[in-house]
Each structure stands twice: as structure tokens, then as C-alpha cells.
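# Breakdown of the fold
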Amino acid sequence: MRLNDVRPQKGSKKRGKRVGRGISAGQGASAGLGMRGQKSRSGSSTRPGFEGGQQPLYRRIPKLKGFPIINRKNYTTINVEKLSSLAANTEVTLESLKASGIITSAKAPLKILGNGELSVALNVKAAAFTSQARSKIEAAGGSCEVL
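Counting restarts for each chain, with residues numbered from 1 along the sequence as it is written. It should be noted that, the model being predicted, local features are given only for residues of pLDDT at least 70 and side-chain atom pairs only at 80 or more, the latter also being counted only at that level, while totals for whole chains, interfaces and linings use all residues. Working from all heavy atoms in the structure, the side-chain values ignore hydrogens and water.

## Structural notes on the pairing of strand S3 (residues 110-113)
The condition that has to hold: Remark: exposure states derive from per-residue accessible area (1.4 Å probe, protein chains only) relative to the maximum for the residue type, with buried under 20%, exposed over 50%, and partly exposed in between. A helix here means a DSSP run of H or I that spans at least four residues, while a strand means a run of E at least two residues long, and both kinds are numbered starting from the N terminus. Strands are treated as partners if at least two bridges between them are detected by DSSP.
Burial of S3 is one-sided: the residues Leu110 and Ile112 facing one way are buried, the residues Lys111 and Leu113 facing the other way are not. As paired strands, strand S1 (residues 76-79) and S3 are joined by four bridges and run parallel to one another. Note that in S3 the partner of Ile78 across the bridge is Ile112. Across two bridges, S3 lies against strand S5 (residues 128-129) in parallel orientation. Bridging from a neighbouring strand, Lys111 pairs with Ala128 of S5.

## Structural notes on the nonpolar core
Looking at soluble globular proteins, one finds that nonpolar side chains tend to be buried together. The cut-off we apply is this: Throughout this description, the term nonpolar core refers to a set of buried Ala, Val, Leu, Ile, Met, Phe, Trp, Tyr and Cys residues connected via side-chain atoms within 4.5 Å. Any two residues whose heavy atoms approach within 4.5 Å are treated as being in contact.
Counting residues in each nonpolar core, the largest one holds 20 residues, and the members touching the most others are Leu83, Leu97, Ile112, Leu118, Leu122 and Val124. Among the secondary structure elements, those contributing two or more residues to this core are helix H2 (80-83), helix H3 (94-100), S3, strand S4 (122-126) and helix H4 (131-139). A total of three residues in this core trace back to one element, the largest contributor, which is S4. Excluding its chain neighbours within four sequence positions, the residues that come into contact with Leu118 are Val80, Leu83, Ser84, Lys136, Ile137 and Ala140.

In C-alpha cells, the structure reads:
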């Protein structure tokens, strides 16, 4: 067998349809596109996602990932590493953190996040804790209380 002997398998190559080449060719006159209208004209048809002027689906659904949370809970967040500067057995609340200057605004409830290390035992009172933050506070000998 040589390179010039290589041919496609019989029946694998099929001639394309010759449309618009007269009535006897089978797809003459309108070339199988129907009588009139936008889809029968030459050139491309409507773009993908076009719904005839109606507001398309990609514009009807909300932008970016997922749907917005309607009644979203906003928190004043602080990491565990910021609490390590406090004295042992201190009661940590939103007001005490603002008084000590660790946080500047206290508009929303307090949530403790688990980034960093904690070596002092603290009594933390907050609206929410992450599981990592709770385990680090309790491992240091402190306590977590949800308000």
C-alpha cells in the first residue's frame, strides 16, 4: 500500500446539495427556504438568542452568577487574628471593639471570621461565627455566644 492508494471509504464522502439551481434539481426556486420572510432572504438569518424584538432571555434574567438575595444580611466582619491583641478573658462585643478602635463603624451586627491564629481566651458575643472561628476561639479556651 502506498500513499497514492489511500482513498476514503466508499460511501463516506457525499456530495453537497446544490440548492437554487432550477426546478429539476429538487431544491430550485426558493432553495428549500420557503416563500417569503426574514429567513428566506440571502445572508445570515437572525443572530442566536434573537426573539423577534421581544426582550431576550439573556436580558430578562439577572446579571452575573445566581440571583440576588432579596433580604440579604449584612454583617460587620472581623477576623480572629484582630482579636489576638486583646487581653485575656475580655468580653468581646460590637461596642467593646468600637471602643478599643479595632473597628471603626458598627452599623451592622458582628460576625467573626476564622482567618489567623488566636492564643488568648476571650468571651465573644456576636451575631454569627464561622465554624473555623468558633473552633479557634474554643481551642484557645474562650467561649462563643450567639446574640
